[in-house]
Amino acid sequence: MKTPLFLIIILMAACVYAQDASIKKDGSTYSIELPAVRPELKPGDGKERTEAMCNICHSLDYISMQPQLSRGGWTAEVNKMINVFGAPMSEDDAKVIINYLTIIYGKKD
Ligand code: HEC
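My aim in this report is to walk through the structure given alongside it, one point at a time. (Residues numbered from 1 in each chain as written. Predicted model: local features only at pLDDT ≥ 70, side-chain atom pairs only at ≥ 80, totals over all residues. Heavy atoms only, no water.)

1. Points about the overall build of the chain
Turning to step 1, where the next piece is worked out: Counting its regular elements, the chain contains five helices and zero strands.
Turning to step 2, where the next piece is worked out: In the chain, the succession of α and β elements from N to C terminus is α-α-α-α-α.
Turning to step 3, where the next piece is worked out: When the 109 residues of the chain are sorted by exposure, 21% land in the buried category.
Turning to step 4, where the next piece is worked out: Within the chain, contacts between residues at least 6 apart in sequence are counted, and of these 56% link residues at least 24 apart.
Turning to step 5, where the next piece is worked out: Summing over all exposed atoms, the chain offers an accessible surface of approximately 8,500 Å²; the carbon and sulfur share of this is 61%. (Helix = DSSP H or I, 4+ residues; strand = E, 2+ residues; numbered from the N terminus. Buried < 20%, exposed > 50% of the residue type's maximum accessible area, 1.4 Å probe, protein only. Contact = heavy atoms within 4.5 Å. Areas by Shrake-Rupley, 256 points an atom, 1.4 Å probe, with all protein chains shown as cover.)

As structure tokens, this is what we get:
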């Protein structure tokens, strides 16, 4: 089946129009501002340090969406962030954060 020429012209015009919509005449592009979604963690000793250290690479949702882990589980998780992904934190930071995560987001048993 042959595509009618007028359809091709309309498609090309649409492309030119669509490009015009996102690129200004001076060549710069439009930008939009998205709302900052920064979920907070539950209150507890070590919350601030956890928010500061665990929000560098990803959302804090990664913490709040985990199942309730045991102390061993949170220790392994924090160690993985440090040893595998290179999370920059001191031993003291890690201790405070593991305590916080175990008490606030840990298994209640
Ligand atoms: C240096 C970057 C970095 C920092 C800092 C960091 N993480 Fe992560 N984290 C990652 C990466 C990379 C992943 C894997 C992401 C993926 O698979 O989509 C991840 C995934 C996770 C997950 C999901 C489960 C998993 O094991 O993949 C949890 C929970 C988590 N991080 C917790 C933490 C906590 C708690 C802290 C603070 C102690 C932290 N992260 C700090 C890089 C980091």
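2. Some points on the site of the ligand
Turning to step 1, where the next piece is worked out: Taken together, the neighbourhood of the ligand is formed by 16 residues, with Cys 54, Cys 57, His 58, Glu 77 and Met 81 sitting nearest.
Turning to step 2, where the next piece is worked out: Glu 77 places a side-chain nitrogen or oxygen 2.5 Å from an oxygen atom of the ligand.
Turning to step 3, where the next piece is worked out: Contact distances for the ligand include 2.6 Å between an oxygen atom and a side-chain N or O atom of Lys 80.
Turning to step 4, where the next piece is worked out: If you tally residues by element for the shell around the ligand, the top one is helix α4 (residues 71–83), at three residues.
Turning to step 5, where the next piece is worked out: Considered class by class, the residues forming the shell around the ligand number 11 nonpolar, three polar and two charged. (Near = heavy atom within 4 Å. Polar contact = N/O pair within 3.5 Å; in protein donor to acceptor, adjacent residues only side chain to side chain. Nonpolar A, V, L, I, M, F, W, Y, C, P; charged D, E, K, R; others polar.)

3. Section: the pattern of salt bridges
Turning to step 1, where the next piece is worked out: For the structure on display, the rule yields four salt bridges.
Turning to step 2, where the next piece is worked out: One salt bridge connects Glu 40 with Lys 47, and the closest N-O pair in it is separated by 2.9 Å.
Turning to step 3, where the next piece is worked out: Note on Glu 40: relative accessible area 63%, which makes it exposed.
Turning to step 4, where the next piece is worked out: Two residues, Asp 93 and Arg 49, come together in a salt bridge whose shortest N-O distance is 2.7 Å. (Salt bridge = Lys/Arg side-chain N within 4 Å of Asp/Glu carboxyl O.)

4. Description of the packing of α4 against helix α5 (residues 91–105)
Turning to step 1, where the next piece is worked out: Viewed as axis vectors pointing N to C, α4 and α5 meet at an angle of 140 degrees, and their least axial separation amounts to 9 Å. Comparing the axis directions of α4 and α5 gives the class oblique. Relative to α5, α4 is oriented so that their crossing is right-handed. Touching Arg 71, Trp 74, Thr 75, Val 78 and Ile 82 of α4 are Ala 94, Ile 97, Ile 98, Asn 99, Leu 101, Thr 102 and Tyr 105, all from α5.
Turning to step 2, where the next piece is worked out: Grouping the amino acids of the contact of α4 with α5 by side-chain chemistry returns eight nonpolar, three polar and one charged. (Axes fitted to C-alpha atoms, helices over the stretch in contact; angles between N-to-C directions. Parallel < 35°, antiparallel > 145°, perpendicular 65-115°, else oblique. Left-handed = near helix turned anticlockwise from the far one by under 90°.)

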